[in-house]
Amino acid sequence: FQCIVENNTRHSDVSAVFVAYCPCLHRCFHPCFIAVFRNAGGPAFQSIVRIDEGPGHTLWFASETAGLFRVRGNDIRRYSTAEGLGNEPVTSVLVDRSGRIWALARRAFVMSHADADDFTALQLPSVDHCRAIMQDHEGSIWIGTAGYGISRIRPTSFRMFSSRNGLPGGGV
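Quick summary incoming for the structure in this document.

The rules we used
- Residues numbered from 1 in each chain as written.
- Predicted model: local features only at pLDDT ≥ 70, side-chain atom pairs only at ≥ 80, totals over all residues.
- Heavy atoms only, no water.
- Pairing = 2+ DSSP bridges.
- Helix = DSSP H or I, 4+ residues; strand = E, 2+ residues; numbered from the N terminus.
- Axes fitted to C-alpha atoms, helices over the stretch in contact; angles between N-to-C directions.
- Buried < 20%, exposed > 50% of the residue type's maximum accessible area, 1.4 Å probe, protein only.

## Quick notes on the sheet that holds strand S8 (residues 75-79)
Link 1 in the chain: Across the sheet, 4 strands lie side by side as S5-S6-S7-S8; this open sheet has antiparallel pairing. Two strands in the sheet have a free side with no partner beyond their single neighbour: strand S5 (48-54) and S8. Strand-to-strand twist of the sheet, defined as the mean angle between neighbouring strand axes without regard to direction, takes the value 20 degrees.

## A few points about the pairing of strand S14 (residues 141-145)
Link 1 in the chain: Buried residues dominate S14, accounting for 5 of its 5 residues.
Link 2 in the chain: Neither face of S14 is open: one carries Ile-141, Ile-143 and Thr-145, the other Trp-142 and Gly-144, and all of them are buried.
Link 3 in the chain: Sheet topology note: the strand S13 (residues 130-135)/S14 ladder contains 5 bridges and is antiparallel. Bridge assignment links Ile-133 to a residue of S14, and that residue is Ile-143.
Link 4 in the chain: Two successive antiparallel strands, S13 and S14, enclose a turn made up of 5 residues, where Gly-139 displays a positive phi of approximately 95 degrees.
Link 5 in the chain: When S14 meets strand S15 (residues 150-154), the two strands line up antiparallel, connected through 4 bridges. Each residue of the ladder has a partner; that of Trp-142, found in S15, is Arg-152.
Link 6 in the chain: Once S14 ends, the chain turns through 4 residues before running back antiparallel as S15, passing Gly-147 with a positive phi of about 115 degrees.

## Looking at the sheet that holds strand S16 (residues 157-161)
Link 1 in the chain: The strand order S13-S14-S15-S16 describes an open sheet built from 4 strands, whose pairing is antiparallel. Each end of this open sheet is capped by a strand with a single partner; those strands are S13 and S16. Neighbour-to-neighbour, the strand axes of this sheet turn through a mean angle of 20 degrees, independent of strand direction.

These figures come from the coordinates and say nothing about function on their own.
Encoded structure:
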């Protein structure tokens, strides 16, 4: 298996578990898994490290080798350098409650909504080698890094937490 993710119903009325296993995406419909998308040999399901679901059952795939993918029904779109993402592997993706798409690579990128054409690199101090992202119950975005700590992004503020703030180490 390349990636397993549970949709926690942020954008859907039904909780679901998705499994990416080349060349298919499977969804658990208790008690079995059903292929919900088949990729005929393309790059979409190579090195998938994270899946997230947005409004309208839109699926987003972070790939360490091929960028970021959006799947809507049978339509698949790849986002990479031309859309503003860096050349680095995409390590994580998050669709926040506002519908913004966050993609992590060496830096953090954000897209205003699922139908936008490109990503914007965020200029965050001391944030490099981004690895993990989540949104908490207050709406803050948390980004874990490889060696620098964890950052919290709020609409009006930014804060970096490190071993000086009690973390056992810089890698999160």
